[in-house]
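# Architecture and fold: a report
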Amino acid sequence: MRHRAAGESYNQIIRSVEEEFHVKLSKSHVSNWLRGDHLPDGSVRKFVPSPTAELGYVIGVLLGDGSMSICGDHNYRLKLRVTDRDFAQVFAGAIATVLKRSVPPVRYHAKTNAWHVDASSLLLQHFLTTPVAELGTIIEQGEECICGFLRGFFDSEGNIFERNLTASNGDLALLNLVCKCMRILRIEFTGPHFVRKGGRKVMIRG
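Residues numbered from 1 in each chain as written. Predicted model: local features only at pLDDT ≥ 70, side-chain atom pairs only at ≥ 80, totals over all residues. Heavy atoms only, no water.

## Focus on the packing of helix 7 (residues 132–139) against helix 9 (residues 172–184)
- Where helix 7 contacts helix 9, the two axes come as close as 10 Å, and the packing angle between them is 20 degrees. Classified by the interaxial angle, the pair formed by helix 7 and helix 9 is roughly parallel. As helix 7 packs across helix 9, the resulting crossing turns out to be right-handed. Here V132, G136 and I139 of helix 7 come into contact with helix 9, specifically with A173, L174, L177 and C181.
- Across the contact of helix 7 with helix 9, the residue classes tally to six nonpolar, one polar and no charged. (Axes fitted to C-alpha atoms, helices over the stretch in contact; angles between N-to-C directions. Helix = DSSP H or I, 4+ residues; strand = E, 2+ residues; numbered from the N terminus. Parallel < 35°, antiparallel > 145°, perpendicular 65-115°, else oblique. Left-handed = near helix turned anticlockwise from the far one by under 90°. Contact = heavy atoms within 4.5 Å. Nonpolar A, V, L, I, M, F, W, Y, C, P; charged D, E, K, R; others polar.)

## Regarding the pattern of salt bridges
- In total, this model carries five salt bridges according to the counting rule given.
- D118 is the salt-bridge partner of R77, the closest N and O atoms lying 2.6 Å from each other. Pair noted here: R77 is in strand 2 (residues 75–82) and D118 is in strand 4 (residues 114–120), with a separation of 41 residues, a long-range link.
- D118 sits in the partly exposed class, given a relative accessible area of 29%.
- We note a salt bridge from R151 to D155, for which the minimum N-O separation is 3.9 Å. (Salt bridge = Lys/Arg side-chain N within 4 Å of Asp/Glu carboxyl O. Buried < 20%, exposed > 50% of the residue type's maximum accessible area, 1.4 Å probe, protein only.)

## So, the environment of K100
- One can find K100 in the loop between helix 5 (85–99) and strand 3 (106–109).
- A C-alpha to C-alpha distance of 8.3 Å links K100 and F47, two positions 53 residues apart in sequence.

## Some points on the packing of helix 8 (residues 143–157) against helix 9
- Packing of helix 8 against helix 9 leaves a shortest axis separation of 10 Å and a crossing angle of 130 degrees. Put simply, helix 8 runs oblique to helix 9. You can see that helix 8 and helix 9 cross each other, and the crossing is left-handed. Contact with helix 8, carried on its side by I146, F149, L150, F153 and F154, involves L174, L175, L177, V178, C181, M182 and I184 of helix 9 and no other residues of that element.
- Considered class by class, the residues forming the contact of helix 8 with helix 9 number twelve nonpolar, no polar and no charged.

## Description of the side chain of N169
- Within the secondary structure, N169 sits in strand 6 (residues 164–169).
- Here E157 takes part through its side chain, which lies 2.7 Å from a polar atom of the side chain of N169.
- Among the polar contacts made by the side chain of N169, one reaches the main-chain amide nitrogen of D171 at a distance of 2.8 Å. (Polar contact = N/O pair within 3.5 Å; in protein donor to acceptor, adjacent residues only side chain to side chain.)

## Notes on the environment of V82
- Along the chain, the position of V82 falls in strand 2.
- What makes V82 buried here is its relative accessible area of 7%.
- Placed 30 residues apart in sequence, V82 and T112 show a C-alpha to C-alpha distance of 9.2 Å.

## Re helix 2 (residues 10–21)
- If you check helix 2, its first and last C-alpha atoms are 16 Å apart, about what twelve residues at 1.5 Å a residue would give, namely 16 Å.
- Among the residues of helix 2, those classed as buried are I13, I14, S16 and V17. Buried residues of helix 2, viewed axially, fall in a sector of 165 degrees; they line one side.
- Of the surrounding elements, those touching the buried residues of helix 2 are helix 1 (2–5) and helix 3 (27–35). (Expected span 1.5 Å × (residues − 1). Arc of directions from axis to C-beta.)

Functional significance is not addressed by these values, which are geometric in nature.
Okay, here's the thing in C-alpha cells:
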C-alpha cells in the first residue's frame, strides 16, 4: 500500500518487494492485496496483545505448564497437558477469547492420563517467545492482566501446603516478574530462593 501510494506501478511494486524480501509476487497477488480481496498474511489468525485478564492467564499458563511447538510450516501449536479438567477448560476459554475464535476442545487422553488442549497461532506463539521482561511491559499495563497472569502461573506451578501457596520454576526472570506483580497487588510473600531440586521457589503466605 505504501508503494502504491508513492505512485509505483504493479511491476515497480513487484521489483521493490523482491529486492526487500527476496520473493517474487505475481500481478494478481498485488492486485488482490491492493483491492483488499485478500491479505498478505493469508489465513493467519489475527492477534493483538491487549492487556486483558485472559491474555495474562494465557501467558502465565504457557510459561508454566504449557508448551509450544512448530509442526510443519504452518502449525504453530500452543499446548496444555494437565490432570485437572477444570484447569484445562479455563485455559481453553482464555485462548478462545484472546484469539477471538471458538473454544478449542478439551479432550482426555488415557495414554497420558491427562486433559489436552491444543490451539494454533503463529502471532501469539511469536509474542510468547519474546523475553519475559517485554511480556512484563504488557502484563503490568492493567490490574486485570496482572491478576490473570498470576492466576495462570499459580494454576500451572502452584502447590498448597497448610496455609502457604508455593510455586517452583527454573526461570529466574519469570519468578522475578511474578514477584513484581505480587508487589503491585500488595501480596505478602517470601522468595524467590533456591531449592534443592535445582528450581527456584516463590511463596505467598497465608
